[in-house]
Amino acid sequence: MSKRLKDNINSSYFEAANSLTSKKARHRIVAYVESYDDIYFWRTVLSEFENDKRYFEVMLPSKVNLTRGKKSVLMNFLEGEPLGRDMIACVDADYDYLMQGRTAQSRRVLESPYVFHTYVYAIENYQCYAPSLHNVCVSVTLNDHRIFDFRDYFQQFSEALFPLFVWSIMVYRNGNYPKFSITDFNRIADPGGFNVQNPDASIANVRRKVRTKINDLQRQYPDAKEEYLATKDDIKALGVTPQTTYLYIQGHHLFDTVVSPILSKVCNLLRQERQNEIYHASAHKTQKRNEMSCYENSLQDIKVMLKKNSGYMASEQFRRVQEDVRAYLDSL
């Protein structure tokens, strides 16, 4: 069976299933996502739009062969006739949003009214939304003492990376990415040796690496100034600012290499602080032991709580995703 025919059958199946239900029954819209981790995020996006007339079912693109990933999701929707009434695709933006149609995949993501993307690179970037990270620390340690300014740190981190990020988008847009890949960028975007008491040192380390790489790129592309400035203006118009660059770099790198290690060090200090309070406040050994046991049994895993973080719902980027869904539903 051809892929086009299979897609049309899938579409017809959901349309037929909806048409056979009672007129009073809620209309089902299937939302295909890339991976298991994406299900909870897109459920968070779509829940607001459910009512007594419609609901969403968020799922992977195939229950048969367990295929996952962006290409699998897009192939279900974008080969053949455009689909939309009963099925939508929800994907990470990656660089496709900032590529602005310069590749076939970018055009598919941006031009189909039935494909929704994150605007930021991936759902992990939302989970690492800086203004919400203190709350993650509280959920992990049950200690609400603000010992670290996440907003300020990630603003400085972003400002340090922004000039090189412009280069990254530029070379991907013009096809020169083998000479400066996302992997290359990630190596530079690793703060390395982060210290809670002296976070400025890690920012200085990033700035140093950025300057070195930019000097190298300027030697390779001596005539790229105009293209660079045009790219910078363009991505700023798309919502990328020097203060929010961290939201647009590769999500897994941000989550695993940057944010998780920082949270780990901050949370360790918060745990120690709470444990010291218990130790000094306890009247006797039994009370101390019981209180310490109660506290330690209440602690949570950092990465688990980071994945459950929904503080990003206050972000401008998340509101743009919601606006896209609202516009789509209004058009039905």
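About the criteria used
Residues numbered from 1 in each chain as written. Predicted model: local features only at pLDDT ≥ 70, side-chain atom pairs only at ≥ 80, totals over all residues. Heavy atoms only, no water. Pairing = 2+ DSSP bridges. Helix = DSSP H or I, 4+ residues; strand = E, 2+ residues; numbered from the N terminus. Axes fitted to C-alpha atoms, helices over the stretch in contact; angles between N-to-C directions. Contact = heavy atoms within 4.5 Å. Buried < 20%, exposed > 50% of the residue type's maximum accessible area, 1.4 Å probe, protein only. Polar contact = N/O pair within 3.5 Å; in protein donor to acceptor, adjacent residues only side chain to side chain. Salt bridge = Lys/Arg side-chain N within 4 Å of Asp/Glu carboxyl O. Parallel < 35°, antiparallel > 145°, perpendicular 65-115°, else oblique. Left-handed = near helix turned anticlockwise from the far one by under 90°. Nonpolar A, V, L, I, M, F, W, Y, C, P; charged D, E, K, R; others polar. Patch = residues over 30% accessible without salt bridge, like charges linked within 9 Å, V, L, I, M, F, W, Y side chains within 5 Å. Areas by Shrake-Rupley, 256 points an atom, 1.4 Å probe, with all protein chains shown as cover. Lys, Arg positive; Asp, Glu negative; His and termini not counted. Charge placed at Lys NZ, Arg CZ, Asp CG, Glu CD. Phe/Tyr/Trp six-rings, centres within 6.5 Å; stacked < 30°, edge-to-face > 60°. Lys NZ or Arg CZ within 6 Å of the ring centre and 35° of its normal. Right-handed = clockwise from strand over helix to strand, strands pointing away. Core = buried A, V, L, I, M, F, W, Y, C linked by side-chain atoms within 4.5 Å.

Draft legend 1. Quick look at the sheet that holds strand β1 (residues 27-32). Pairing is parallel across the open sheet formed by four strands, whose spatial order is β2-β1-β3-β4. The strands lining the two open edges of the sheet, one partner per strand, are β2 (54-59) and β4 (115-117). Here the strands of the sheet are splayed against their neighbours by 30° on average, with no regard to which way each runs. In terms of strand pairing, strand β3 (residues 87-91) meets β4 through three bridges, oriented parallel. Counterpart to valine 91 in the pairing with β4 is histidine 117. Across the sheet, helix α2 (residues 36-47) lies against β1, β2, β3 and β4, angled at about 165° from β2, the strand it touches most. Strands β1, β2, β3 and β4 of the sheet are contacted by helix α15 (residues 316-331), whose axis makes an angle of about 165° with β4.

Draft legend 2. Representation of the environment of leucine 74. Within the secondary structure, leucine 74 sits in helix α3 (residues 70-78). Look at leucine 74 and you get buried, because its relative accessible area is 2%. Distance from leucine 74 to arginine 108, taken between C-alpha atoms, is 7.8 Å for residues 34 residues apart in sequence.

Draft legend 3. Spatial organisation of the side chain of glutamine 156. Relative to the helices and strands, glutamine 156 resides in helix α8 (residues 150-173). Side chain to side chain, glutamine 156 and aspartate 152 meet in a polar contact 2.8 Å long. When residues no more than four places from it in sequence are discounted, the contact partners of glutamine 156 are Asp200, Ile203 and Arg207.

Draft legend 4. View of the pattern of salt bridges. Following the criterion strictly, the structure yields 11 salt bridges and no others. Residue glutamate 57 pairs with arginine 28 through a salt bridge whose shortest N-O separation is 2.6 Å. Placement of the pair is glutamate 57 in strand β2 and arginine 28 in strand β1, with a sequence separation of 29 residues. The partner of lysine 70 in a salt bridge is aspartate 94, and the shortest N-O contact between them spans 3.0 Å. Here the residue lysine 70 occupies a position in helix α3, and aspartate 94 occupies one in the loop between β3 and α4 (96-99), the gap between them amounting to 24 residues. You'll find lysine 70 and aspartate 94 in the same group, each marked buried.

Draft legend 5. Local environment of the packing of α2 against α15. As a packed pair, α2 and α15 sit with axes 9 Å apart at the nearest point and diverge in direction by 60°. Between α2 and α15, the angle is such that the two are oblique. As for the relative orientation of α2 and α15, their crossing is right-handed in sense. Taking contact as the criterion, the partners of Phe41, Trp42, Thr44, Val45 and Leu46 in α2 are, on α15, Phe318, Val321 and Val325. Along the lines of polarity and charge, the residues of the contact of α2 with α15 split into seven nonpolar, one polar and no charged.

Draft legend 6. Fine view of a negative patch on the surface. Taken together, the side chains of Asp149, Asp152, Glu159 and Asp200 present a region of like negative charge at the surface. For aspartate 149, the location among the structural elements is in the loop between α7 (133-141) and α8. Classification of aspartate 149 as partly exposed rests on a relative accessible area of 45%.

Draft legend 7. Molecular detail of the packing of aromatic side chains. With the rule as written, the count across this model stands at 26 aromatic pairs. Judged by centre distance (6.1 Å) and plane angle (80°), the rings of phenylalanine 41 and phenylalanine 318 are edge-to-face. Within this pair, whereas phenylalanine 41 is found in helix α2, its partner phenylalanine 318 is found in helix α15, the two being separated by 277 residues in sequence. Residue class for phenylalanine 41 comes out buried when judged on its relative accessible area of 3%. Chaining the aromatic ring pairs together yields one cluster made of Tyr95, Tyr121, Phe165, Tyr172, Tyr177, Phe180 and Phe185. Lying over the aromatic face of tyrosine 279, lysine 288 brings its terminal NZ or CZ to 3.8 Å of the ring centre.

Draft legend 8. Region of interest: the pairing of β2. Pairing of β1 with β2 involves six bridges; the strand directions are parallel. Within the sheet, the bridge partner assigned to arginine 28 lies in β2 and is tyrosine 55. Between β1 and its parallel partner β2, the chain crosses via α2, and the hand of that crossover is right-handed.

Draft legend 9. Focus on unusual backbone geometry. With phi around 50°, aspartate 94 is a residue other than glycine that occupies positive phi space. For glutamine 100, which is not a glycine, the phi torsion comes out positive at approximately 50°. As for its position among the elements, glutamine 100 is in the loop between α4 and α5 (104-111). Exposure remark for glutamine 100: the relative accessible area of 34% places this residue in the partly exposed category.

Draft legend 10. Up close: the nonpolar core. Within the largest apolar cluster, 88 residues are counted, with the highest numbers of intra-cluster contacts made by Phe154, Phe157, Phe165 and Trp167. Element by element, the count of residues in this core is highest for α8, at 15 residues. With sequence-adjacent residues up to four places away left out, phenylalanine 157 is seen in contact with Ala189, Pro191, Ile203, Val206, Tyr246, Ile249 and Val258. Judged by nonpolar contacts, the second largest core, of 10 residues, contains Val30, Tyr32, Met59 and Leu74.

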